[in-house]
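Here is how the chains run, residue by residue.
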Amino acid sequence: MDIKAIRGMNDILPREAARWRLVEDTARRIFSLYGFSELRPPVMERTELFLRGIGDDTDVVEKQMYTFTDKGGDSVTLRPEATACVLRSVIEHGLLNADPVQKLYSIGPMFRYERPQKGRYRQFHQINAERLGEDGPFADAETLALAYDLASAVLGRDALLMEVNSLGCKACRPGFKGALEEFLASKQDVLCGDCMRRMHTNPLRVLDCKVESCRQAVQGAPSMEAYLCDACRGHFDGVLKGLHVFGVRFERNPRLVRGLDYYTRTTFEITAVGLGSQNAVAGGGRYDDLLSILGGPPVGGIGFAFGMERLIMLMGEVQDRVSGCFVVAQADPAVELAALGLIAELRAAGIPAEAAFGRSFKAQMRRADRAGYPLCAIIGEEELASGTLTVRDMQSASQAKITRSGVIQEITSMLAENKGERA
Ligand code: AMP
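Treat the numbers as computed from the prediction; the structure is a model and nothing was measured.

Comments concerning unusual backbone geometry
Turning to step 1, where the next piece is worked out: Unusually for a residue other than glycine, R265 sits at a positive phi of about 50°.
Turning to step 2, where the next piece is worked out: Examined against the element boundaries, R265 turns out to sit in strand β9 (residues 264-272).
Turning to step 3, where the next piece is worked out: For R265, a relative accessible area of 17% puts it in the buried group.
Turning to step 4, where the next piece is worked out: Not every positive phi belongs to a glycine, and A397 is a case in point at roughly 65°.
Turning to step 5, where the next piece is worked out: For A397, the location among the structural elements is in the loop between β15 (388-393) and β16 (399-403).

Structural data, given as C-alpha cells:
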C-alpha cells in the first residue's frame, strides 16, 4: 500500500505495547500513592485556549500548532500540551468549588508540528500532572518528588538528573529581566535571529536556546537567584528542604528556564543520561497566574509533563508474559467442537485461551510456542472418547494426562506452578 503514516506520527506496534503499558501502569500507581485523580480532556480545543494559556512568544504557539478551521468556521487546535486543557476543564466544571485543592493527572497524545527526529515527533504522548490550590513550598517539593519517583521507577535513579531553579515572581523577575536584557545587548553579534527578537520580548527564553552560539553567549549571564525577593527566596529554600526530606537527588541550575511564559517560582527539568540532544524527559513548574489568565479564580498551581516516547526509548526490553493455555485439536469436526467448548470454559474461568484449528498438529504447536503460552491442552479422538486431555508444559516438553472434568483446577495449579518457577 502506498499510503503511509504521517511523518512524525508513529504506530505503536504490539511488540512495543508492553513497555507502554508498564510506563502507564507505573504512572497510575504512583499518582494514586500521591492522591492524584485522572482527568481526560479532549484532544482538540478552541485555538484561543492555547493562545491565551501558552503565550504568543513561544515556539509552540508561533510555529508548532496544528490549527485549522472546522466545518462550522471555528478555529480549533490539536492540543500541543495538556496544562491549558486541564485548567479549562477545571474552570468549566467548577471543580475548585467542590474541592479547593485539585490534584489531577492525564495521559495521552499531544501534537506539535516540529521537525521530526529521534525523540521528537509530531504526535507524541505525555504523562501530565497538575496540582491546584496549594501555594506553599512543600506542595512544590512533593510534586517534584512525585515526578522524581516516576522517573526513577521507570529508568532507575542513576539514569536521570533532576535540575531545579526558581524563576521568581511578578515582583522580582522584572529586575532580573532588565539585567539579562542589558547583558544580552552586549552579545548581539553572536545571538541567533530568534534570540535577537526575544531578547526584548522575552529575554529568559534566550537562556533556553539550543543554538550553540547562543549557548556560549549566555555563559556569563546574570542568574535569577541573585534577584529573588525575600518571599521567593524563602519559598525556594522551603522547596529544597522538602526535596531533601523526600530523598530526591537534584542539582540546582540557575540557568534553567522553561519554554512557556507562565511559569513562576519553582521550575524543574529531568534529563536522561544517554538520550543525546533530545534528553529532556520531563519538565514543569509553578504557574501562579495561569488559572486567572484563563478566566478562572486567582489560584496558583504547579505541574509537569513527561514525554512517554523518551521514557520508553530508555527502557530495556520488556517481555509481555503470556499466561494461559493454547488448545491444540486434531482435525476432526467433533474434536474441534469439543475443543471450542474447552476454550470457552477456560476463558469463563479467567484463563486466557487461544487456538488455531484447521492446521497441522505441528503448525498449531508452533503457534502456541510463538505466542509464548506456557501450556498446551491437546485434544484428539482418543481424549474425546476417554474424557481426558493431554497437557504439555511448553518449556520442559513434559506431558501429562488429566481428566476433562478437572481441567480448570489442574490448569490453574499448573499455571501457578509455572509462574512460581519463572518468578
Ligand atoms: P514540554 O511540554 O515542552 O515542557 O515538554 C515536556 C516533555 O514532553 C519533554 O521533556 C519531552 O520529554 C516531551 N516532548 C516535548 N515535545 C516532544 C516531541 N515533539 N516529541 C516527543 N516528546 C516531546
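Some details on the environment of E212
Turning to step 1, where the next piece is worked out: Summarising the element assignment, E212 is placed in helix α9 (residues 212-217).
Turning to step 2, where the next piece is worked out: For the pair formed by E212 and V190, sequence separation is 22 residues and the distance between their alpha carbons is 9.8 Å.

With respect to the pairing of strand β14 (residues 375-379)
Turning to step 1, where the next piece is worked out: Along β14, 5 of the 5 residues are buried, which leaves the element largely enclosed by surrounding structure.
Turning to step 2, where the next piece is worked out: Neither face of β14 is open: one carries L375, A377 and I379, the other C376 and I378, and all of them are buried.
Turning to step 3, where the next piece is worked out: Pairing analysis gives 5 bridges linking strand β12 (residues 325-329) to β14, with the strands arranged parallel. Bridge assignment links F326 to a residue of β14, and that residue is C376.
Turning to step 4, where the next piece is worked out: When β14 meets β15, the two strands line up antiparallel, connected through 4 bridges. Pairing of L375 across the sheet is with D393, part of β15.

Rules and cut-offs
Residues numbered from 1 in each chain as written. Predicted model: local features only at pLDDT ≥ 70, side-chain atom pairs only at ≥ 80, totals over all residues. Heavy atoms only, no water. Helix = DSSP H or I, 4+ residues; strand = E, 2+ residues; numbered from the N terminus. Buried < 20%, exposed > 50% of the residue type's maximum accessible area, 1.4 Å probe, protein only. Pairing = 2+ DSSP bridges.

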